[in-house]
Amino acid sequence: MFSSSLGCLSFLYHPLRRQSSLPENCHRPSCPFSFTRSGDQFMAACMADEIRKGMKTMGQLSLVQIFVKELSATMGSDHKGRVIVIMGVSGAGKSTIGDMLAKVLNCSFLDADDYHPPSNKEKMRQGIPLSEEDRFPWLEMLRDVLKENLVSGKNAILGCSSLQKHYREILRSADAAYVPGNYASTVQFVLLDAKPKVLVRRLEKRAAEGKHFMPVTLLQSQLDLLQIDDGEGIFKVDASLSPEAIVSTIKAWLFSEQPYG
């Protein structure tokens, strides 16, 4: 067990093999995740977790600790948290996918709807679109919550509509090192993209079950507001797929050799 798993670690860490496919018997979706440029640190964490479970002696555990320590030193000591924002219009599945993804990645899920003040929820319940004055305090509150996670080194998934570029810029600024307009932030975005008829069907079902304050009548205003700039590097996923397929697609993107932005 130990020797084979350590071999997997060596395979992943070898400079010529970075970003190679993770051996199937070594991948553990429940492992804590760490967003890095190469993905090596996440993979090493998974391998170390796997090895620790099979450790029989303290001597073996020490070898793993030394390996992971040296790997971390090689890659740098930046242990800031990372945030993935699951974005899209109402009915896209932000809460469902965000919660599932957070469980797979063993981190917290934050639902932006929980941070709306009662006045915002009441306006939406009455079918009245939110104004910029309604949205900005809410977005700034979310930014501050994300900032707390980032500075404490915690990873998180946020479900938030984030329909406009300047809304997303507010959230990106939770990263203290973020330079406005360059989109290179520890806060990254995944768009759940679905056709209007799919969204309408979901919203009607949700309304009939009394599960949400957002009426189907506000969907068109959200679709009109949605603004995506290809330069932002937002990862798009077909929201009409099954939740399991969507989560798998996002996970594959997170651990691919492509930049996360």
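Scroll up for the structure.
Just so you know, these numbers come straight off a predicted model, no measurement behind them.

K.L.:
Please set out helix α4 (residues 94-105) residue by residue, giving values where relevant.
P.N.:
Under the 1.5 Å per step criterion, the end-to-end length of α4 is 16 Å for 12 residues, consistent within 8% with the ideal 16 Å. If you check which residues of α4 are buried, you get K94, I97, G98, L101, A102 and L105. In an axial view of α4, the angular spread of the buried residues amounts to 130°, which keeps them on one side of the axis. If you follow the buried residues of α4, they end up packed against β1 (83-87), β2 (108-111), β3 (156-159), β4 (187-193) and α10 (243-254). Once α4 finishes, N106 follows within two positions and takes phi at roughly 60°, a positive value.

K.L.:
Report on helix α7 (residues 165-172), specifying residues and quantitative values.
P.N.:
Of all 8 residues in α7, 6 are buried; the element is thus mostly enclosed. Contact partners of the buried residues in α7: β1, α6 (132-151), β3, β4 and α9 (219-225).

K.L.:
So what's going on with the environment of T96? Which residues, and what values?
P.N.:
Within the secondary structure, T96 sits in helix α4. By relative accessible area, T96 is classed as partly exposed at 44%. In the structure, T96 is positioned 151 residues away from V247 in sequence and 9.9 Å away in space, judged by C-alpha atoms.

K.L.:
Tell me about unusual backbone geometry, residues and numbers included.
P.N.:
Backbone geometry at S162 places phi at a positive 45°, although glycine is not the residue there. Counting through the fold element by element, S162 comes out in the loop between β3 and α7. By relative accessible area, S162 is classed as buried at 1%. Look at Y183: it is not a glycine, yet its phi comes out positive at around 65°. For Y183, the position within the fold is in the loop between α7 and β4.

K.L.:
Provide a residue-level description of the pairing of β3, including the pertinent values.
P.N.:
Side chains of β3 alternate between two faces, with A156 and L158 and I157 and G159 buried alike. Bridging between β1 and β3 involves 4 bridges; their strand directions are parallel. From the neighbouring strand, I86 faces β3, where its bridge partner is G159. Relative to β3, β2 is paired through 4 bridges, and the arrangement is parallel. Its bridge partner being in β3, L110 is matched across the sheet by L158.

K.L.:
Account for the packing of α6 against α7, naming residues and giving values.
P.N.:
Put simply, α6 and α7 touch, their axes get as near as 8 Å, and they point 30° apart. As summarised for this structure, α6 and α7 are arranged roughly parallel, according to the angle between their axes. As for the relative orientation of α6 and α7, their crossing is right-handed in sense. Packed against α6, whose contacting residues are E132, R135, F136, L139, E140, L142, R143 and L146, the element α7 presents H166, Y167, I170 and L171 at the interface. In terms of residue class, the contact of α6 with α7 is built from 7 nonpolar, 1 polar and 4 charged.

K.L.:
Would you mind going over the pattern of salt bridges in detail, with residue names and values included?
P.N.:
Taken as a whole and assessed by the stated rule, the structure comprises 10 salt bridges. Of the charged contacts, one joins D229 and K165 as a salt bridge, the two residues approaching to 2.8 Å between their closest N and O atoms. Taken together, the residues D229 in the loop between α9 and β5 (235-238) and K165 in helix α7 connect sequence positions 64 residues apart. For D229, a relative accessible area of 28% puts it in the partly exposed group.

K.L.:
Lay out the packing of α4 against α10 in plain terms, naming residues and giving numbers.
P.N.:
At a closest axis distance of 10 Å, the pairing of α4 and α10 adopts a crossing angle of 55°. What the angle tells us is that α4 and α10 run oblique. For the pair α4 and α10, the sense of crossing is right-handed. Counting all contacts with α4, which are made through T96, I97, M100, L101, V104 and L105, the residues of α10 involved are P243, E244, I246, V247, I250, K251 and L254. Across the contact of α4 with α10, the residue classes break down as 10 nonpolar, 1 polar and 2 charged.

Conventions used here
- Residues numbered from 1 in each chain as written.
- Predicted model: local features only at pLDDT ≥ 70, side-chain atom pairs only at ≥ 80, totals over all residues.
- Heavy atoms only, no water.
- Helix = DSSP H or I, 4+ residues; strand = E, 2+ residues; numbered from the N terminus.
- Expected span 1.5 Å × (residues − 1).
- Buried < 20%, exposed > 50% of the residue type's maximum accessible area, 1.4 Å probe, protein only.
- Arc of directions from axis to C-beta.
- Contact = heavy atoms within 4.5 Å.
- Pairing = 2+ DSSP bridges.
- Axes fitted to C-alpha atoms, helices over the stretch in contact; angles between N-to-C directions.
- Parallel < 35°, antiparallel > 145°, perpendicular 65-115°, else oblique.
- Left-handed = near helix turned anticlockwise from the far one by under 90°.
- Nonpolar A, V, L, I, M, F, W, Y, C, P; charged D, E, K, R; others polar.
- Salt bridge = Lys/Arg side-chain N within 4 Å of Asp/Glu carboxyl O.

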